[in-house]
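Results of the structural survey
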Amino acid sequence: DLPTVAQELTDIMNKFKLPASEASRVVNVLAAGSKEGGANVSELAASFLRSGTAIRASNVSIEEGVALFEALAENGTKGAEAGTALRNILSKLSATDVLPKDATDRLKAAGVDIDALSDKSTTLATRLKALAPIQEDANALVALFGVDNKDAAIDILGAIKRTEELTLAVTNTSVATDQAAIRTA
């Protein structure tokens, strides 16, 4: 219903500190994500409410965020659960400089470029690709993300290409506007 959607949109925009002039962009991104992936707009809103601040602080665009949530949804993780998982993963990536020495040594020995993980000047997909050497190493993933976040990390790392595809699919779109025109007609 309209009041719920309006509140969800406002909440997401507030998490990203976006001005009202960006409402059309956000609506179109959410609609395109819902069309292209496995989570609906309300599930995306619940995800963003749990992780919007961490996404913004990690220099991840709303488009990349939608793509990540849609990729997680395709693996059965939706709504607040997806938001919590992504928040935790982004928090761990941004804090690699305070990892215990044994965890850092383990990651470096596996070939992970620790500095690349927290480089906010690159896309999240680029940062995640730095984890390719440990993608199948559950122990290394636990060392980095913790046991509670390991499964979500596996899902995200396994969906990097899909996330890039979804990011393109939800960027500069007019899905919501097009759907509104169809309904009006």
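Quick look at the structure, then. (Residues numbered from 1 in each chain as written. Predicted model: local features only at pLDDT ≥ 70, side-chain atom pairs only at ≥ 80, totals over all residues. Heavy atoms only, no water.)

Attention now goes to the packing of helix H9 (residues 138-145) against helix H10 (residues 150-158). Where H9 contacts H10, the two axes come as close as 9 Å, and the packing angle between them is 110°. Compared by their axis directions, H9 and H10 come out roughly perpendicular. The element H9 and its partner H10 pack so that their crossing is right-handed. Here H9 contributes Ala 138, Leu 141, Val 142 and Phe 145 to the contact with H10, which in turn contributes Lys 150, Ala 153, Ile 154 and Leu 157. For the contact of H9 with H10, the per-class residue count stands at seven nonpolar, no polar and one charged. (Axes fitted to C-alpha atoms, helices over the stretch in contact; angles between N-to-C directions. Helix = DSSP H or I, 4+ residues; strand = E, 2+ residues; numbered from the N terminus. Parallel < 35°, antiparallel > 145°, perpendicular 65-115°, else oblique. Left-handed = near helix turned anticlockwise from the far one by under 90°. Contact = heavy atoms within 4.5 Å. Nonpolar A, V, L, I, M, F, W, Y, C, P; charged D, E, K, R; others polar.)

This part takes up helix H1 (residues 2-15). For H1, which comprises 14 residues, the first-to-last C-alpha distance of 20 Å matches the rise-based estimate of 20 Å (1.5 Å per residue) to within 8%. Residues of H1 that are buried include every one of Glu 8, Leu 9, Ile 12 and Met 13, and no others. Each buried residue of H1 sits inside an arc of 130° when the element is viewed along its axis, so together they form one side. Across from the buried face of H1, at angles greater than 90 degrees, the exposed residues are Pro 3 and Asn 14. If you follow the buried residues of H1, they end up packed against helix H2 (23-36), helix H3 (41-57) and helix H4 (62-73). (Expected span 1.5 Å × (residues − 1). Buried < 20%, exposed > 50% of the residue type's maximum accessible area, 1.4 Å probe, protein only. Arc of directions from axis to C-beta.)

A few words now on the packing of aromatic side chains. Counted under the stated rule, the structure contains two aromatic pairs. Note on Phe 16 and Phe 48: the rings are 5.6 Å apart at their centroids and 75° apart in plane angle, and the pair reads as edge-to-face. In this pair, Phe 16 is assigned in the loop between H1 and H2 and Phe 48 in helix H3, connecting sequence segments 32 residues apart. In terms of burial, Phe 16 and Phe 48 fall into one category: buried. Relative to Phe 69, the ring of Phe 48 lies with its centre 5.0 Å away and its plane at 90°, an arrangement referred to as edge-to-face. Of this pair, Phe 48 sits in helix H3 while Phe 69 is found in helix H4, placing the two residues 21 residues apart along the sequence. An aromatic cluster of at least three residues, connected via ring pairs, comprises Phe 16, Phe 48 and Phe 69. (Phe/Tyr/Trp six-rings, centres within 6.5 Å; stacked < 30°, edge-to-face > 60°.)

Okay, unusual backbone geometry next. In this structure, Asn 59 is a non-glycine residue whose phi angle is positive, near 60°. Summarising the element assignment, Asn 59 is placed in the loop between H3 and H4. Phi at Asn 172 takes a positive value of approximately 50°, unusual for a residue other than glycine. Relative to the helices and strands, Asn 172 resides in the loop between helix H11 (160-170) and helix H12 (175-184).

In total, this model carries eight salt bridges according to the counting rule given. Put simply, Arg 162 and Glu 74 hold a salt bridge, and the shortest N to O gap is 2.8 Å. Placement of the pair is Arg 162 in helix H11 and Glu 74 in the loop between H4 and helix H5 (79-94), with a sequence separation of 88 residues. Overall, Arg 162 belongs to the partly exposed group, its relative accessible area being 27%. Note that Glu 164 and Lys 129 form a salt bridge whose closest N and O atoms lie 2.9 Å from each other. Highlighted residues: Glu 164 in helix H11 and Lys 129 in helix H8 (residues 124-129), separated in sequence by 35 residues. Judged by relative accessible area, which is 31%, Glu 164 ranks as partly exposed. Residue Lys 129 is classed as partly exposed on the basis of its relative accessible area of 42%. The network of salt bridges with common partners includes Glu 22, Arg 25 and Glu 63. (Salt bridge = Lys/Arg side-chain N within 4 Å of Asp/Glu carboxyl O.)

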